[in-house]
Amino acid sequence: KSGSPLFGEGQHVTIASLGALTLSQDAMGKVPGPAIKPGAALVVLDGDLQPTGWVYNVQTETGSKGWIPEKLIKAMP
(Lines give C-alpha, C1' and ligand atoms only; values in the text may rest on other atoms or scores of the structure.)
Protein backbone atom coordinates (compact mmCIF):
# COMPACT_ATOMS: atom_id res chain seq x y z
CA LYS A 1 0.00 0.00 0.00
CA SER A 2 1.51 3.30 -1.04
CA GLY A 3 0.46 6.56 -2.59
CA SER A 4 0.29 10.06 -1.22
CA PRO A 5 -0.34 10.65 2.48
CA LEU A 6 -3.84 11.87 3.40
CA PHE A 7 -2.56 14.28 6.03
CA GLY A 8 0.16 16.92 6.02
CA GLU A 9 2.49 18.56 8.51
CA GLY A 10 0.68 20.97 10.81
CA GLN A 11 -2.76 19.54 10.00
CA HIS A 12 -5.23 19.10 12.86
CA VAL A 13 -6.68 15.60 13.10
CA THR A 14 -8.62 13.50 15.60
CA ILE A 15 -9.08 9.82 16.35
CA ALA A 16 -11.48 8.11 13.94
CA SER A 17 -12.56 5.44 16.44
CA LEU A 18 -14.89 5.87 19.41
CA GLY A 19 -12.56 4.22 21.91
CA ALA A 20 -9.32 5.40 23.44
CA LEU A 21 -6.12 4.17 21.86
CA THR A 22 -2.40 4.19 22.45
CA LEU A 23 0.14 5.98 20.29
CA SER A 24 3.42 4.25 19.47
CA GLN A 25 6.84 5.59 20.37
CA ASP A 26 8.23 4.38 17.03
CA ALA A 27 7.00 4.54 13.43
CA MET A 28 6.82 0.73 13.16
CA GLY A 29 4.33 0.59 16.05
CA LYS A 30 6.41 -1.79 18.17
CA VAL A 31 6.83 0.34 21.32
CA PRO A 32 3.67 1.50 23.13
CA GLY A 33 3.40 5.20 23.89
CA PRO A 34 0.90 7.57 25.52
CA ALA A 35 -2.83 6.80 25.64
CA ILE A 36 -5.15 9.15 23.75
CA LYS A 37 -8.77 9.87 24.64
CA PRO A 38 -11.55 9.66 22.01
CA GLY A 39 -12.06 12.99 20.26
CA ALA A 40 -8.64 14.30 21.27
CA ALA A 41 -7.22 16.99 19.00
CA LEU A 42 -3.89 16.01 17.44
CA VAL A 43 -1.45 17.94 15.25
CA VAL A 44 0.50 16.08 12.55
CA LEU A 45 4.25 16.64 12.97
CA ASP A 46 5.54 14.20 10.36
CA GLY A 47 4.57 11.23 8.21
CA ASP A 48 6.38 8.01 7.34
CA LEU A 49 5.51 5.34 4.79
CA GLN A 50 5.74 1.90 6.41
CA PRO A 51 5.06 -1.49 4.73
CA THR A 52 1.58 -1.39 6.30
CA GLY A 53 0.84 2.12 5.00
CA TRP A 54 1.26 5.69 6.18
CA VAL A 55 1.85 6.45 9.85
CA TYR A 56 2.01 9.90 11.42
CA ASN A 57 3.96 11.43 14.25
CA VAL A 58 1.35 13.48 16.13
CA GLN A 59 1.28 15.72 19.17
CA THR A 60 -1.63 16.05 21.61
CA GLU A 61 -2.89 19.27 23.17
CA THR A 62 -1.00 18.30 26.33
CA GLY A 63 2.29 17.86 24.46
CA SER A 64 2.45 14.06 24.30
CA LYS A 65 3.92 12.76 21.05
CA GLY A 66 3.66 9.44 19.27
CA TRP A 67 2.95 7.60 16.02
CA ILE A 68 -0.48 6.54 14.74
CA PRO A 69 -1.58 4.69 11.58
CA GLU A 70 -3.40 6.75 8.94
CA LYS A 71 -6.53 4.56 9.15
CA LEU A 72 -7.02 5.52 12.82
CA ILE A 73 -7.24 9.28 12.32
CA LYS A 74 -9.47 11.70 10.44
CA ALA A 75 -9.33 15.41 9.62
CA MET A 76 -10.85 17.77 12.18
CA PRO A 77 -14.21 19.18 11.05
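The structure this text deals with has already been given above.
No experiment lies behind these values; they were computed from the predicted model shown.

Rules used in this analysis
- Residues numbered from 1 in each chain as written.
- Predicted model: local features only at pLDDT ≥ 70, side-chain atom pairs only at ≥ 80, totals over all residues.
- Heavy atoms only, no water.
- Core = buried A, V, L, I, M, F, W, Y, C linked by side-chain atoms within 4.5 Å.
- Buried < 20%, exposed > 50% of the residue type's maximum accessible area, 1.4 Å probe, protein only.
- Helix = DSSP H or I, 4+ residues; strand = E, 2+ residues; numbered from the N terminus.
- Contact = heavy atoms within 4.5 Å.
- Pairing = 2+ DSSP bridges.

Points about the nonpolar core
Argument step 1. If you look at the biggest cluster of nonpolar residues, it comprises 14 residues, and the most contacted ones within it are Leu42, Tyr56, Val58, Ile68 and Ile73.
Argument step 2. Those elements that place two or more of their residues in this core are β1 (12–15), β2 (21–24), β4 (41–50) and β5 (53–60).
Argument step 3. Sorting elements by how many residues they give to this core places β5 first, with 3 residues.
Argument step 4. Once you skip the residues sitting within four places of it in the chain, valine 58 turns out to touch Leu23, Leu42, Val43, Val44, Leu45, Ser64, Lys65, Gly66 and Ile68.

Looking at the pairing of β4
Argument step 1. As paired elements, β1 and β4 share 3 bridges and run antiparallel to each other. Within the sheet, the bridge partner assigned to threonine 14 lies in β4 and is alanine 41.
Argument step 2. When β4 meets β5, the two strands line up antiparallel, connected through 8 bridges. Residue pairing in the sheet places leucine 42 in a bridge with threonine 60 of β5.
Argument step 3. The antiparallel pairing of β4 with β5 creates a hairpin that spans 2 residues between the two strands.

Read these as geometric descriptors, not functional statements.
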